[in-house]
Every structure is written in C-alpha cells, then in structure tokens.
Amino acid sequence: MKISKRLRTISSFVPDGSFVLDVGCDHAYLGIYLTKYKKARVIASDINPLPLKIAEANILKYQAKNITLKMQDGISEVPREVDTIVISGMGSKTIVDILTKDKRNLEFVKTLILASNNDYAYLREQVNKLGFKIKNEAVVEEDSKFYEIIVYQKGQEKLSAQEIKYGPCLMQEKSAAFLKYQKEAIAKLLTILEGLPKTNKKRCQEIEQELCERQKLL
C-alpha cells in the first residue's frame, strides 16, 4: 500500500513489534501500514466517528490484522501494553493539550512520535517537561511544505534555547531536507525584513537575529 512521505517517515521510527496507539488516526493508513510492515499491534483512535467509519472500510480493503478502532478523546485511555504513541497532523498546542490532560496515562509509554504542523519550539519545551527526551528528529518536505517529526523516549534532558528552537538532532545531522528548510526560511525572513519600515527597530532586530541563527545552521 502507498502512504505519504510523512507517514512513511513516522513509520520508520516505530520499533518492530510495537504496540501503538495512533491518536487522531484519520483513515488509519498509518496503522494499517504498521501492522503490515512493522509487525505492530495498533489501536487507531479518533474523537470523531466519520474518520473511524472510513478507517474500518480501509482495514477491510487491505485485509489488515492486529488493528482495532476506538473512538476516544486523545489519550484518555491507554492500555498498559501500549509502548508507543503517535500523534500527527495536529498543531503543537493541541498535541501538548492532549498529552498534559491525561499525562497519568503516559506512565508505561516508552516512545512518543509527534508530527506537528507548527510551533515546534513550543512542542519541544512542553514535552520535555513531561519527562521525555528527544531521541531522534527528521524534516520532511511534502506538498511544498516542511514538517518536523520528533521522537521522544522516557528521560530527562536540558535543552539550550537554540536546541528548543531548531532541534538538537536536526542541528547535528544537517540533512539535505533540513538545509533546504533553513534556506527557504532565510529567504522568507529576508523578504519580510525588506518590507518592514526601518522605524520598527525591535522587529527588525528580531528578524536579523533569527537570520544570523539560521545562517549559522547551514
């Protein structure tokens, strides 16, 4: 079966044989893929019934086994056997709200794989406070947009301001996608800076500082 580049990258971080809770599973493509190619057991959950109906049809279509559907709010229920939670396709605030609302249910979870679509610094900062440290990161370009995928494991770590903003693993590995990501961000910042009135000194200084930071990442 074919899945998006983003979902394939997420699946690459799921350990073989994992028991996965996929939160906000949409049409369960990731869950089906994991059962077929990563020998995983999956609970595909969503808060809305319609995606689960479509997911049920997809499970039948691909004859997937070891996947169950559940309508629930976030991580309100997490069986103790679940070792991996995936949350993707949501904003960072929503992801953090889901994790903090029922953080007691993270006790036995070993791995979090979070694929937000915005505000990655906020995500890193807040998930760090929940007792998880960053194990791996990736940048994926899809449909002319860039997305950061962050993999967490249980543990404590102290991140610098730059690591929170740009990602400790991303800064170290400097993949081709990450470098392209930074170059496009720099180009956008230069355009913004050119359009700003010089009287707006504070905003100009903020952008110049960010430009300097991003240029050093290249």
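Residues numbered from 1 in each chain as written. Predicted model: local features only at pLDDT ≥ 70, side-chain atom pairs only at ≥ 80, totals over all residues. Heavy atoms only, no water.

Glancing now at unusual backbone geometry. Notably, Ala 28 is not glycine yet its phi reads approximately 70 degrees, a positive angle. Residue position: Ala 28 is located in the loop between strand 1 (19-23) and helix 2 (29-37). Assessed through its relative accessible area of 0%, Ala 28 is described here as buried. Within the chain, Ser 144 stands out as a residue other than glycine whose phi angle is a positive 65 degrees. Within the secondary structure, Ser 144 sits in the loop between strand 6 (132-142) and strand 7 (145-154). (Helix = DSSP H or I, 4+ residues; strand = E, 2+ residues; numbered from the N terminus. Buried < 20%, exposed > 50% of the residue type's maximum accessible area, 1.4 Å probe, protein only.)

This brings us to the sheet that holds strand 5 (residues 111-116). Pairing between the strands of a sheet comes from backbone hydrogen bonds, and it takes one of two forms, parallel or antiparallel. Taken in spatial order, the seven strands of this open sheet run 3-2-1-4-5-7-6, and their pairing is mixed. A single partner strand is all that each edge strand has here, and the edge strands are strand 3 (67-71) and strand 6. Across the sheet, the axes of successive neighbouring strands diverge by a mean angle of 15 degrees, strand direction being ignored. Running over the sheet, helix 3 (residues 49-61) touches strand 2 (41-46) and strand 3 and is turned about 165 degrees from strand 3. Each of strand 6 and strand 7 touches helix 8 (residues 176-195); the most contacted strand, strand 7, lies at about 125 degrees to it. (Pairing = 2+ DSSP bridges. Axes fitted to C-alpha atoms, helices over the stretch in contact; angles between N-to-C directions. Contact = heavy atoms within 4.5 Å.)

The next point concerns the pairing of strand 7. Buried residues dominate strand 7, accounting for seven of its 10 residues. Relative to strand 7, strand 5 runs antiparallel, the two sharing four bridges. In the strand pairing of strand 7, Ile 113 is matched with Val 151. In this structure, strand 6 lies alongside strand 7, joined through 10 bridges in antiparallel fashion. Each residue of the ladder has a partner; that of Glu 141, found in strand 7, is Phe 146. Linking two consecutive strands that pair antiparallel, namely strand 6 and strand 7, is a turn of two residues; a positive phi of about 50 degrees is found at Asp 143 within it.

To continue, consider the packing of aromatic side chains. Tallying each qualifying case throughout the model produces two aromatic pairs. On the numbers, 4.7 Å between centres and 45 degrees between planes, the contact of Tyr 33 with Tyr 37 is tilted. Of this pair, Tyr 33 and Tyr 37 are both found in helix 2, four residues apart, which corresponds to roughly one turn of the helix. Residue classification places Tyr 37 among the partly exposed residues on the basis of a relative accessible area of 46%. Cation over ring: Arg 6 sits above Tyr 147, and NZ or CZ is 3.8 Å from the ring centre. (Phe/Tyr/Trp six-rings, centres within 6.5 Å; stacked < 30°, edge-to-face > 60°. Lys NZ or Arg CZ within 6 Å of the ring centre and 35° of its normal.)

Quick reminder: α-helices carry 3.6 residues per turn. Residues three or four places apart thus point the same way. Listed as buried for helix 2 are Leu 30, Gly 31, Ile 32, Tyr 33, Leu 34 and Thr 35. Against the buried residues of helix 2 lie helix 1 (5-12), strand 1, strand 2, helix 3, strand 3 and strand 4 (84-90).

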